[in-house]
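Notes for the structure review
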Amino acid sequence: MKKLVAGILAHVDAGKTTLSEGLLYQCGAIRRLGRVDTRDAFLDTYELEKERGITIFSKQALLRYKDMELTLLDTPGHVDFSAEMERTLQVLDYAVLLISGADGVQGHTKTLWRLLKRYGIPTFLFFNKMDQPGTDKEALLRESLGDGIVDFSSQNTEEFYENIAVCEEKLLEGFLETGRIDQEEIVRLIRQRKLFPCFFGSALRLQGVEELLEGLYRYTEMPAPGGAATSGDNRFAARVYKISRDKQGNRLTFLKVTKGSLKVRETLTGKMPQEGGLWQEKVTQIRSYSGEKYSTVDTADTGGIYAVTGLSYTMPGDGLGAESARVERVLEPVLTYQVYLPDDVQPAMALPKLRLLEEEEPALHILWEEHLQEIHVQLMGPVQLEVLQNMIAERFQMGVNFGPGNIVYKETIADTVEGVGHFEPLRHYAEVHLLLEPGEPGSGMQFAADCSEDILDKNWQRLVLTHLEEKKHKGISSEFMWEKLRGLCGEGVCLIGFQIKDYYAYLGEDVETDTLFDVLIAAYLLNPLKNDYQTEDIAAEHLGTRISSYGQLFGKKKAAEAMAEQREEFVRYLCSQADVLLRSRRVLEEKL
């Protein structure tokens, strides 16, 4: 039997959950069609999902069609839960990209398309809601995401084979000679992402659903066993893609077995997160989920998706057994929030609980700011914030609030520099020299040792590297932003804090200047559109004083008094101008 894992991806409200219901119903996995608006969809099991009518957590369902066993992963479509969606990509054999025929290709659809390309996932397209007035198949095909998209709704025609043949030069030559294309060649093109089958229909009315199922059955193949093992080696290999907890609090590690098999009570080994050591634990239970229900099995076989208990240190992206090293995510949160705890809850009590949620959603980046005595969390947007607040209240009976959101940004050094750390506690002496070099954009933090063991033993080198990797590294501008601005001007102004230092350097003034006026006026002066009359008038309205030239500082006391009344409104204005302020850094650097 062919065993596949396929995921459904879409922009929010494209009908993704409805298509999942249609596929399950068509295969006989459910007896009646559920609906999002009636809150009885098979895969919407979380109460907040039913209330909001959106998918928040990825779910799986098992279905059988002819001699194909398909594990269907329904993923969130809302951009706030993109990290949850991305985690499923690393375990997919095929993907179905759902596009609303009424709305066409939308912004998030293009993001999904690029992610599918990055992860190398063969993709089928399904244009939904084609029963709505004004939908145009030809116009949708012209609004193409790229080359290789072919209409599969009318197969076995000459035009159908011609459109496929032009996807590869070698295949085109063969088609011109023989006039035919074998099914195996179509499967190969899809697997190599040179061909993207396209289907049309209405999931709500079950139109085109069976055709999509048949396409998945005819034009797919079970991938070769994965893992880093050599050919003929059937050692166990698996990829972890999700961590969650059941209603009893048991920690569940969701994984796809890519090679070999895994049995209950079998021992697994992996690398400890951050700490650098190795963990070794036994699998106590293997579950096969379909919707909210599961059945226990003794063995997890190749190609299947399972949830196992007994593992305490696994993280999404980890490789187990012969599988390669962990997969790093692409999408990152764009906002950071301060967490306000109830008066009767101490941070020492709250942090371990929040860390449990971070295991399930690593992108939260729970951060304890020791010098500020504050907890910070990173999120994608307000909807995710609401969900997180609900989860904390539901699971830990703790009513938290959040401060205003600030933009998360990254910075790097411009040139190579040597840093020295000097330690001299009682009767001890140590000095560590670090060479810092700028890396390629997106390469992240990388650590290595280039020191002879004659100078420093290997175990001490490993200790230094371990502590470097586990520490939260802050840039110079970031440190300035939080320490100098946050308490002074409130949350909203923090996003432009890194500009202030450069502004004062340009003026030749002391960067430690800490008046509210100086901070806000610097943000305005760094705006390259400051001469635009609309921008200037807005600034004048909020500042209470008209600004007309670079570096002109006047009436501090008067302006500060005027701004005290308009502070919140002006901070909101600065936030709305964030993209302009960020771009202005280049303008300023050219002037310096």
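Residue numbers here run from 1 along each chain, matching the order of that chain's written sequence. In keeping with the model being predicted, local features are shown solely for residues with a pLDDT of at least 70 and side-chain atom pairs are shown and tallied solely at 80 or more, while totals for entire chains, interfaces and linings include all residues. To get the side-chain values, take all heavy atoms of the structure and skip hydrogens and water.

**Looking at the sheet that holds strand β14 (residues 293-297)**
- Strand order in this open sheet of six strands is β14-β13-β16-β9-β8-β17, and the pairing throughout is antiparallel. Each edge of the sheet is formed by a strand with only one pairing partner; in this case those strands are β14 and β17 (319-321). Averaged over all neighbouring strand pairs, the angle between strand axes comes to 40°, with direction disregarded.
- Only strands that DSSP links by at least two bridges are regarded as paired with each other. A helix here means a DSSP run of H or I that spans at least four residues, while a strand means a run of E at least two residues long, and both kinds are numbered starting from the N terminus. Sheet topology places strand β8 (residues 237-245) next to strand β9 (residues 251-259); eight bridges connect them, and they run antiparallel. Each bridged residue has a counterpart across the sheet, and for I243 the counterpart in β9 is T253. With axes taken as lines fitted to C-alpha atoms, and helix axes fitted only over the stretch in contact, angles between N-to-C directions fall between 0 and 180 degrees.

**Observations concerning the packing of helix α10 (residues 347-360) against helix α11 (residues 382-396)**
- Where α10 contacts α11, the axes come no closer than 11 Å and their chain directions differ by 125°. Taken together, the axes of α10 and α11 are oblique relative to one another. Our pair here, α10 against α11, has a crossing hand that is right-handed. Counting all contacts with α10, which are made through K353, L354, L356, L357 and E360, the residues of α11 involved are L388, M391, I392, R395 and F396.
- The residue classification treats Ala, Val, Leu, Ile, Met, Phe, Trp, Tyr, Cys and Pro as nonpolar and Asp, Glu, Lys and Arg as charged. All others, Gly included, are polar. Looking at the contact of α10 with α11, its residues break down into seven nonpolar, no polar and three charged. In this scheme, roughly parallel covers angles under 35 degrees and roughly antiparallel covers those over 145, while 65 to 115 is roughly perpendicular and the rest are oblique. For any pair of crossing helices, the crossing counts as left-handed if the nearer helix is rotated counterclockwise from the farther one by less than a right angle, and right-handed if it is rotated clockwise. What makes two residues a contact is simply this: any of their non-hydrogen atoms within 4.5 Å.

**Focus: unusual backbone geometry**
- Residue L206 is not a glycine yet carries a positive backbone phi of 60°.
- Position of L206 relative to the elements: it lies in the loop between β7 (196-200) and α9 (209-218).
- Partly exposed describes any residue whose relative accessible area lies between the buried limit of under 20% and the exposed limit of over 50%, with all areas from a 1.4 Å probe on protein chains only and scaled to the type maximum. Among the residues examined, L206 registers a relative accessible area of 25% and is labelled partly exposed.

**Quick notes on the sheet that holds strand β4 (residues 94-100)**
- An order of β2-β3-β1-β4-β5-β7-β6 is seen for the seven strands of this open sheet, with the pairing classed as mixed. Pairing within the sheet leaves two strands with one partner each, and these edge strands are β2 (59-65) and β6 (149-151). The average undirected angle you get between the axes of adjacent strands in this sheet is 25°.
- The pairing of strand β5 (residues 123-128) with β7 spans three bridges and is parallel. Note that in β7 the partner of F127 across the bridge is F200.

**Things to note about the nonpolar core**
- Nonpolar cores were defined as sets of buried Ala, Val, Leu, Ile, Met, Phe, Trp, Tyr and Cys residues, with membership established by side-chain atoms within 4.5 Å. With 43 residues, the main nonpolar core has L19, L23, F152, I164, I186 and L195 as its most contacted residues.
- Non-local contacts of L19, meaning those with residues more than four positions away in its chain, are made with I8, V96, L98, F126, A203, V209 and L212.
- Counting residues in each nonpolar core, the second largest holds 32 residues, with L9, L116, L125 and F196 among its members.

**A look at a nonpolar patch on the surface**
- On the surface, I455, L456, W460 and L463 cluster together into a nonpolar patch covering about 400 Å² of accessible area.
- Locating L456 in the fold gives a position in the loop between β24 (430-436) and α12 (458-470).
- With relative accessibility at 30%, the residue L456 sits in the partly exposed group. Patches here are clusters of residues that have more than 30% relative accessible area and form no salt bridge, with a 9 Å joining cutoff for like charges and a 5 Å cutoff for nonpolar side chains (Val, Leu, Ile, Met, Phe, Trp, Tyr). For the accessible areas, the method is Shrake-Rupley and the probe is 1.4 Å, while residue cover comes only from the protein chains on display. Think of a salt bridge as a Lys or Arg side-chain nitrogen and an Asp or Glu carboxyl oxygen that are within 4 Å of each other.

**Considering the packing of aromatic side chains**
- Aromatic pairing here means that ring centres of Phe, Tyr or Trp (its six-membered ring) are within 6.5 Å. Orientation follows from the plane angle: under 30 degrees is stacked, over 60 is edge-to-face, and everything else is tilted. Scanning the entire structure with this criterion turns up 13 aromatic pairs.
- Note on F152 and F199: the rings are 6.0 Å apart at their centroids and 50° apart in plane angle, and the pair reads as tilted. One end of the pair, F152, is in the loop between β6 and α6 (158-165); the other, F199, is in strand β7, and 47 residues separate them in sequence. Neither F152 nor F199 differs from the other in exposure class; each is buried.
- Counting every residue linked through ring pairs, the aromatic cluster contains F152, F160, Y161, F199 and Y219.
- Criterion for a charge above a ring: Lys NZ or Arg CZ within 6 Å of the ring centre, and within 35 degrees of the ring normal. A cation sits over an aromatic face here: R118 above Y119, 5.3 Å from the ring centre.
- In this structure, K137 packs its charged tip against the face of F200, placed 4.9 Å from the ring centre.

**Some details on the packing of helix α3 (residues 82-89) against helix α4 (residues 107-119)**
- Contact pair α3 / α4: the axes reach a minimum separation of 10 Å and the direction vectors enclose 30°. Taken together, α3 and α4 sit at an angle that is classed as roughly parallel. Judged by the twist between their axes, the crossing of α3 over α4 is right-handed. Only H108, L112, L115, L116 and Y119 of α4 make contact with α3, whose side of the interface consists of S82, M85, E86 and L89.
- The class makeup of the residues in the contact of α3 with α4 is six nonpolar, two polar and one charged.

**Concerning the pattern of salt bridges**
- Tallying each qualifying case throughout the model produces 25 salt bridges.
- Between R188 and E168 there is a salt bridge, with the nearest N and O atoms lying 2.7 Å from each other. One end of the pair, R188, is in helix α8 (residues 183-191); the other, E168, is in the loop between α6 and α7 (169-178), and 20 residues separate them in sequence.
- Using a relative accessible area of 23% as the deciding quantity, one classes R188 as partly exposed.
- We classify E168 as buried; its relative accessible area is 12%.
- For E292, the salt bridge is made with K247, and the minimal N-O distance between the two is 3.7 Å. In this pair, E292 is assigned in the loop between β13 (285-290) and β14 and K247 in the loop between β8 and β9, connecting sequence segments 45 residues apart.
- Taking the relative accessible area as the measure of exposure, E292 reaches 47% and is therefore partly exposed.
- If you follow the salt bridges from partner to partner, you end up with R245, R251, E359, E360 and R395 in one network.

**Let's talk about the environment of D343**
- Within the secondary structure layout, D343 lies in the loop between β18 (335-340) and α10.
- Sequence separation between D343 and V400 is 57 residues; the distance between their C-alpha atoms is 9.9 Å.

**Regarding the environment of G208**
- Looking at where G208 falls in the secondary structure, it is placed in the loop between β7 and α9.
- Measuring from C-alpha to C-alpha, the distance between G208 and S153 comes to 8.4 Å, with 55 residues separating the pair along the chain.
- Dropping the residues within four chain positions of it, G208 is found in contact with F126, F200 and G201.

Limitation: the analysis is restricted to geometry and does not speak to function.
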